[in-house]
Each structure stands twice: as C-alpha cells, then as structure tokens.
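Coordinate inspection notes
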Amino acid sequence: MKNWIMSMLVLAFVGLCPASPANAFGISGGGGRIGYLSPDPGDGGVAIGAHVEFESPGSRWHLQPNVLYWHGDPLTGFNANLDAFYHFGSEARTTPYLGGGVGLSIVDLPGSGGSNSDPAGNMFGGVRFPAGRNQLFLEGRYTFSDVNQASITFGATFR
C-alpha cells in the first residue's frame, strides 16, 4: 500500500511541474515538520512529516504534497496529502495562512495485525515566519477520515 502512495505522490509532483513558466506552479522548496497529533479515538503522540512546496510566481497560492507519520496510544498512522493554501501577506513578513486538501489516511489497528486505509479531508491554518530565504511555520490541522485527527506542528520550508 505504501508503494502505491509513493507512486501517486511522484505522479502528483510530475503533474505539477511547470509546462509554461508564465503561470504554472513550480517547485519552490521542501522541508519538514514535527509536532503533536491526537487521533479520535486514542491518546495523542508525536507526528513527523515532510513536504514539497509548489507556487506560481507572483501568487500567494501554494500547493503542498506532504506525508505525515504519527504514533499515538494505541493507534499509529501514516497520512499522504495534497494540500493547497493561501497566505494573506508578503512572505517577507510574518503572515497567516489558511488551506485545505485531500489525502489518504492509513491507521494501524492494534491487535488485528492489519491497517485501515480511508480517504481523508484536511482543514488547516497557521502562521508563516520569514527566516532569510526560508520559511518557518506553526500550523494547526484537522483531518476528517474514519479516524479523525487534530494536530499542531512546527516546521520549516527550505528554498
């Protein structure tokens, strides 16, 4: 199942590469995040993820394919997402952002030796902080799936 997810993410990356530089989305950076995720049901735990960021020159819109591994008690999971977000101010200043997306949520089922894969929807928002050419961010996210998840993460996008 994880090979299928990686194949879909690679296809998404290739499909987002610019065909015409005037208004196409191009890769603008990549990075990671770490934080706390609380699944419903279960107790929360650590979440670690990675992302690639695409943007259209002169736009405040970004596309962000990303993955997130989380470990709670008794549940653990893996999410693969394709998100879009809009930042409200210049990236040269601290600015809030809002976004949403779709994905796949894979949750390991304790005691059964198996996992459950479900489509997922994401709503998120946060604040981006400039750090030279790079961006730091603090983000709150809610994922709707068979096992709903709330998380807060801190991360960086390197350009």
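Data block above holds the structure.
Residues numbered from 1 in each chain as written. Predicted model: local features only at pLDDT ≥ 70, side-chain atom pairs only at ≥ 80, totals over all residues. Heavy atoms only, no water.

Turning next to the overall build of the protein chain. The helix and strand tally for the protein chain stands at 1 helix and 8 strands. Beginning at the N terminus, the succession of helices and strands in the protein chain can be written as α-β-β-β-β-β-β-β-β. Residue burial in the protein chain is summarised as follows: out of 159 residues, 42% are buried. The contacts in the protein chain between residues at least 6 apart in sequence include a share of 49% that link residues at least 24 apart. Just so you have it, the protein chain exposes about 7,900 Å², and 66% of that area is on carbon and sulfur atoms. (Helix = DSSP H or I, 4+ residues; strand = E, 2+ residues; numbered from the N terminus. Buried < 20%, exposed > 50% of the residue type's maximum accessible area, 1.4 Å probe, protein only. Contact = heavy atoms within 4.5 Å. Areas by Shrake-Rupley, 256 points an atom, 1.4 Å probe, with all protein chains shown as cover.)

Time to look at the pairing of strand β4 (residues 76–87). Most of β4 sits inside the fold, with 9 of its 12 residues counted as buried. Of the pairings in the sheet, the one linking strand β3 (residues 61–73) to β4 comprises 11 bridges and is antiparallel in character. Residue L63 lies in a different strand from β4, and its bridge partner there is A84. Here β3 hands over to β4 after 2 residues, the two strands then running antiparallel side by side. Both β4 and strand β5 (residues 95–109) contribute to a ladder of 12 bridges, which runs antiparallel. By the bridge assignment for β5, A80 is matched with L104. (Pairing = 2+ DSSP bridges.)

Among the secondary structure elements, T76 is positioned in strand β4. Filtering out sequence-adjacent residues up to four positions away, T76 remains in contact with Y69, W70, H71, I106, V107 and D108.

Within a beta sheet, neighbouring strands are joined by backbone hydrogen bonds and run either parallel or antiparallel to one another. Pairing within the closed barrel is antiparallel, and its 8 strands lie in the order β1-β2-β3-β4-β5-β6-β7-β8. Geometrically, the sheet is characterised by an average inter-axis angle of 25° between neighbouring strands, direction not taken into account. Strand direction decides the pairing type here: strand β1 (residues 26–40) and strand β8 (residues 148–158), joined by 11 bridges, are antiparallel. Across the sheet, the residue bridging to G35 is T153, located in β8. (Axes fitted to C-alpha atoms, helices over the stretch in contact; angles between N-to-C directions.)

This part takes up the environment of G132. Of note, G132 is situated in the loop between β6 (114–131) and β7 (134–144). Linking G132 and R159, residues 27 residues apart in sequence, is a C-alpha distance of 9.6 Å.

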